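Per-entry structural report
The residues making up each chain are set out below.
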Amino acid sequence: MRAYFKFFLFFILLSLFLLIDSLFISNESQIPRQDESLGQQTKFIVDKPVFFEDESSNINLDPNWEVPISEYPELNDILISIDDPTGLMEVQKNPTESSFSVIDTIEELGVMRLRVSDPIRFAEILSDIEGTFKLERNVRLSTPALPEARILEAEAPFSFNSMTWLGVSEDRQSRGQGVKVAILDTGVDISHPSLDGLAIRQVSLLQSNSNRALGHGTGIASIIAGQSSSLLGLAPSSEILSVQVLDENGQGDAFTIAKGILMAVDEGSQVINLSLGGMTSSPVLDHAIQVANSKGVILVSAVGNDGAPKIAYPARHKDVVAVSSVDAKSRVSTFSNYGEEVDIAAPGVGVITAWEDDEYVNFSGTSIAAAFVTGTIASEISRSQSYTPTGLLSSLYENADETEKPGFDQWSGNGVLNIRRLEQRDTPGIVDAAIVGYYFDSKNLSSSGTKPFSVTVQNQGTSWIQSMELKIKYKGLEKIFMIGNLAKGEIQSEKLYFDAGNRQGELAIYSEVTLNNQKDQNPENNKRTSVLVLP
């Protein structure tokens, strides 16, 4: 549909000698208008072959292909970027001109949101205006789809333990002071008991506020800045700007979200949470992200819950922090999208959060994982007023815990969020060795025989670890490895083997690391017992 929509608009413009350099045309075509009304079965007849290249595929249209206008609801909501909108606005003010109407504008970006009722007349108008222009779809985005229940059954939920698991200080009531966080979402239920006392301003950019469903945005807000002792947020003293850009069904569009980003920037937000996305990128949203980035605003977004090898947009934008999900055993969630654009992972399974109407829920998904990263950034900004966005994010990534494949990977990016390590990064003398995970290369599991896997140890303290002993037990075997010096944040992986041909679908592993001549200040992560389900 997207390709045909482009063809429809561009071909009309081509017939009026517009955008001729944008398309390759094998022959001229006639497009007779058969009816004035979009609501009827109007068709445009392509009576000669046309070939053009779409960004996602090559389209070859046969002669006599008919284009029914009724199949193009996008015409009710399209965007135009134009050098000088004055001429178009003047035409629209003409009482006899009904070919299009202006829904909204973003002057800073030079973008107008239009509803086109007469495409042919609209194309004629464009042919007469001064300057250049570009048409684009108003891409739809939404809250990520809920993870399937059968997938969540295999994940370890956090419940009320997410803050403790992250190593968050209990004495954090002042965190976030002087920081403004924008939450672009469904809105927030400010009457919820866990948000009582929160400094918040609510704005809606939707045309209608009726039947608002505030649960999703309320859950996000409770993790970032929850006020109650039982649900204290990561930055409870931060100021929240809640911008409603999604409707009661969690649906929105690129134009409105771009407008929300610019509003957040104009009102002084230092960090913006975008627990939303889609699979199609948007030039207008790209432009808004670039403006925010140029002004030092950090944007955080969810990678999506489809378990797919493609990161949702805008998380995959290079100037947005892309957040995936892990469960309480530090395993990347099966439902979490993955790809090279992932930056970091955070708790995203069974997290207790606020919801609308005084409710509390088990919130699962990359949406809530993004909120943990946003709250952490807000807390860090308040702790270091001389921060730079680049420096803050570097610290965030450098103090993340290793997991999955050793080094940067497509599932957790730089690793798993660890707030304790982040906050203690400048405290000397901390000794902390940790067993951080197991890694099986999936391509090694596709056949029988002896297959390798690795066990990884990380220095999560701030001092050198001089030496340690790693003991691993599995399938009746016990392996011992001696590990030498490890610098701050450094990892070492040891390779082991198991008989894939005789496996029973599960592999039980016990691992333990013991320091020699040093006292580990966080012994809770020195042991790990896991039952791994093998494909």
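Rules used in this analysis
Residues numbered from 1 in each chain as written. Predicted model: local features only at pLDDT ≥ 70, side-chain atom pairs only at ≥ 80, totals over all residues. Heavy atoms only, no water. Helix = DSSP H or I, 4+ residues; strand = E, 2+ residues; numbered from the N terminus. Buried < 20%, exposed > 50% of the residue type's maximum accessible area, 1.4 Å probe, protein only. Contact = heavy atoms within 4.5 Å. Axes fitted to C-alpha atoms, helices over the stretch in contact; angles between N-to-C directions. Parallel < 35°, antiparallel > 145°, perpendicular 65-115°, else oblique. Left-handed = near helix turned anticlockwise from the far one by under 90°. Nonpolar A, V, L, I, M, F, W, Y, C, P; charged D, E, K, R; others polar. Core = buried A, V, L, I, M, F, W, Y, C linked by side-chain atoms within 4.5 Å. Pairing = 2+ DSSP bridges. Phe/Tyr/Trp six-rings, centres within 6.5 Å; stacked < 30°, edge-to-face > 60°. pLDDT = per-residue confidence, 0-100. Polar contact = N/O pair within 3.5 Å; in protein donor to acceptor, adjacent residues only side chain to side chain. Salt bridge = Lys/Arg side-chain N within 4 Å of Asp/Glu carboxyl O.

This paragraph deals with the overall build of the chain. Broken down by element type, the chain carries eleven helices and 28 strands. Counting all 535 residues of the chain, 53% fall into the buried class. Looking at the chain alone, contacts between residues at least 24 apart form 72% of all its contacts between residues at least 6 apart.

Close contact between helix 9 (residues 366–383) and helix 10 (residues 389–398) brings their axes to 11 Å; oriented N to C, the two are set at 120 degrees. Relative to helix 10, helix 9 is oriented oblique. Like other packed secondary-structure pairs, helix 9 and helix 10 cross with a definite hand, here right-handed. Residues V373, T376, I377, E380 and I381 of helix 9 form the contact with helix 10, whose own contacting residues are L392, L393 and L396. Within the contact of helix 9 with helix 10, the residues separate by chemical class into six nonpolar, one polar and one charged.

This part covers the nonpolar core. Counting residues in hydrophobic clusters, the biggest one holds 45 residues, and the most contacted among them are F372 and V373. Sort the elements by how many residues they give to this core and helix 9 lands first, with nine residues. With near-sequence residues (within four places) excluded, F372 lies in contact with S162, M163, L166, I223, L234, A346, P347, V351 and L417. Of all hydrophobic cores here, the second largest spans 34 residues; its members include V111, V243, V297 and Y313.

A word on helix 10. Listed in full, the buried residues belonging to helix 10 are L392, L393, S395, L396 and Y397. On its buried face, helix 10 sits against strand 17 (298–302), strand 18 (320–326), strand 19 (344–347), helix 9 and helix 11 (419–423).

This brings us to the sheet that holds strand 6 (residues 100–106). Pairing is antiparallel in the open sheet, where four strands are placed in the order 6-7-5-8. Edge positions in the sheet fall to strand 6 and strand 8 (133–137), since each of these pairs with one other strand and no more. Geometrically, the sheet is characterised by an average inter-axis angle of 30 degrees between neighbouring strands, direction not taken into account. Across the sheet, helix 7 (residues 254–266) is in contact with strand 5 (78–82), strand 6 and strand 7 (111–116); its angle to strand 6 comes to roughly 30 degrees.

Another aspect to go through is the packing of aromatic side chains. By the definition in use, this model includes five aromatic pairs. Aromatic pair F100 and F122: ring centres 5.4 Å apart, planes at 55 degrees, arrangement tilted. Of this pair, F100 sits in strand 6 while F122 sits in helix 3 (residues 119–128), placing them 22 residues apart in sequence. Given the relative accessible area of 2%, F122 is considered buried. Measuring from ring centre to ring centre gives 5.3 Å for F453 and Y474, while their planes differ by 90 degrees; the resulting arrangement is edge-to-face. In this pair, F453 sits in strand 23 (residues 450–459) while Y474 sits in strand 24 (residues 468–474), placing the two residues 21 residues apart along the sequence. Assigned by exposure class, F453 and Y474 land together as buried.

Moving on, we come to the confidence of the model for the chain. Per-residue pLDDT for the chain averages 84, and the proportion of residues at 70 or more is 82%. Scored below 50 in pLDDT, residues 12–69 shows 116 contacts in the model against residues more than four places distant or in partner chains.

As a further point, take the side chain of N305. Checked against the element boundaries, N305 lands in the loop between strand 17 and strand 18. By relative accessible area, N305 is classed as buried at 8%. Only 2.9 Å separates the side chain of N305 from the backbone oxygen of A145, close enough to count as a polar contact. In this structure the side chain of N305 is engaged in a polar contact, spanning 2.8 Å, whose partner is the side chain of T366. In contact with N305, not counting residues within four places along its chain, are P144, A145, P147, F335, N337, G365 and T366.

The contact between helix 7 and helix 8 (residues 283–294) brings their axes to 8 Å, and the two run at 10 degrees. Classed by the angle they form, the pair helix 7 and helix 8 counts as roughly parallel. Together, A254, F255, I257, A258, I261, L262 and V265 of helix 7 and V284, L285, A288, I289, V291 and A292 of helix 8 make up the contact between the two elements. Of the residues contributing to the contact of helix 7 with helix 8, the split by class is 13 nonpolar, no polar and no charged.

Under the definition given, this model contains 16 salt bridges. A salt bridge links D77 to R140; its shortest N-O distance comes to 2.8 Å. Highlighted residues: D77 in the loop between strand 4 (65–68) and strand 5 and R140 in strand 9 (residues 140–142), separated in sequence by 63 residues. Three or more residues are tied together by salt bridges with common partners; here these are D77, R113, R140 and D253.

A word on the side chain of D77. By relative accessible area, which is 8% here, D77 ends up buried. Side-chain polar atoms of D77 contact the side chain of R140, separated by 2.8 Å. Among residues more than four places away in sequence, those in contact with D77 are I103, R113, L114, N138 and R140.

Next up on the list: the environment of M263. Mapped onto the fold, M263 is located in helix 7. Given the relative accessible area of 21%, M263 is considered partly exposed. Taking C-alpha positions, M263 is 10.0 Å from A292, a pair spaced 29 residues apart along the chain. If near-sequence neighbours (up to four positions away) are discounted, M263 is found in contact with V203, L205 and V243.

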